[in-house]
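# Structural overview for review
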Amino acid sequence: VDSPETRATDKVFVFVCKGDACSKQGNPERLRVSLKQMARGFPAQALKVSYVSCLGQCGEGPNILVCRGGELFTRCTQASAEAVERTVRSALDLAP
Ligand code: FES
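Counting of residues starts from 1 at the beginning of each chain's written sequence and follows it residue by residue. Local features are withheld for residues below a pLDDT of 70 in this predicted model, meaning they are given only at 70 or higher, and side-chain atom pairs are given and counted only at 80 or more; totals for whole chains, interfaces and linings count all residues. Here the side-chain values reflect all heavy atoms present in the structure, with hydrogen atoms and water set aside.

## Quick notes on the pattern of salt bridges
Here, a salt bridge means any Lys or Arg side-chain nitrogen found within 4 Å of an Asp or Glu carboxyl oxygen. Tallied over the entire structure, the rule returns two salt bridges. Among the ionic pairs, Glu 29 bridges to Arg 32, the shortest N-O distance being 3.9 Å. You can see Glu 29 and its partner Arg 32 sitting in helix α2 (residues 28-39), three residues apart, about one turn around the helix. With a closest N to O distance of 3.2 Å, Glu 85 and Arg 89 form a salt bridge. One end of the pair, Glu 85, and the other, Arg 89, are both in helix α3 (residues 80-91), four residues apart, so they sit about a helical turn from each other. Each residue gets one of three labels from its accessible area relative to the maximum for its type: buried under 20%, exposed over 50%, partly exposed in between, using a 1.4 Å probe on protein chains only. On the basis of relative accessible area, Glu 85 is assigned to the partly exposed category, the value being 43%. Helix and strand assignments come from DSSP, with helices taken as H or I runs of at least 4 residues and strands as E runs of at least 2, each series counted from the N terminus.

## Concerning the sheet that holds strand β4 (residues 64-68)
Pairing between two strands is assigned when DSSP locates at least 2 bridges connecting them. Read from one edge of the open sheet, three strands run β3-β2-β4, paired in mixed fashion. The open sheet has two edge strands, β3 (47-52) and β4, and neither has a second partner. Across this sheet, the average inter-strand angle for adjacent strands is 20 degrees, counted without regard to direction. Pairing analysis gives six bridges linking strand β2 (residues 12-17) to β3, with the strands arranged parallel. From the neighbouring strand, Phe 13 faces β3, where its bridge partner is Lys 48. Note on contacts: a residue pair qualifies if any of its non-hydrogen atoms lie within 4.5 Å across the two residues. Axes here refer to lines fitted to C-alpha atoms; in helices the fit is confined to the stretch in contact. Angles between the N-to-C directions go from 0 to 180 degrees. In this fold α2 packs onto β2, β3 and β4, with an angle of close to 170 degrees to the strand it touches most, β3.

## Side note on α2
Each helix should span, by expectation, one fewer than its residue count multiplied by 1.5 Å. Under the 1.5 Å per step criterion, the end-to-end length of α2 is 16 Å for 12 residues, consistent within 8% with the ideal 16 Å. Considered for burial, the residues of α2 that qualify are Pro 28, Leu 35 and Ala 39. Looking down the long axis of α2, one finds its buried residues gathered within 45 degrees of arc, a one-sided arrangement. Next to the buried residues of α2 lie β2, α1 (20-25), β3 and β4. The directions from the helix axis to the C-beta atoms are what the arc is built from.

## Comments concerning the nonpolar core
By convention a nonpolar core is built from buried Ala, Val, Leu, Ile, Met, Phe, Trp, Tyr and Cys residues, the set being connected through side-chain atoms within 4.5 Å. Counting residues in each nonpolar core, the largest one holds six residues, listed as Val 14, Val 16, Leu 35, Ala 39, Leu 47 and Val 49. Mapped onto this core, the elements with two or more residues apiece are β2, α2 and β3.

## Some words on the environment of Ser 53
For Ser 53, the position within the fold is in the loop between β3 and β4. Judged by its relative accessible area of 61%, Ser 53 falls in the exposed class. Residue contacts for Ser 53: discarding those within four places in its chain leaves Cys 17 and Gly 19.

Taken by themselves, the reported measurements are silent on function.
If you want it as structure tokens, here you go:
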């Protein structure tokens, strides 16, 4: 967390899955357009609507994940993968 390439963010993210399964079961692009319009009603910078390629719930799609906060790793290099792994381990309550 103290790494200069990491910072906490409290932005709210809306992740719209546009994976194959979700795209077949609905219309992620139209959902994203609607959500972008919705986002205009909130303070700028508070909310980010993005696509992801899979949320791991393929049978239930189309899927949208809303989450808040987390750590943003910036200016990533291959070495950043280790820092990401540490963060994942702590999120999963696994020993380092
Ligand atoms: S394709 Fe959307 S959750 Fe896997």
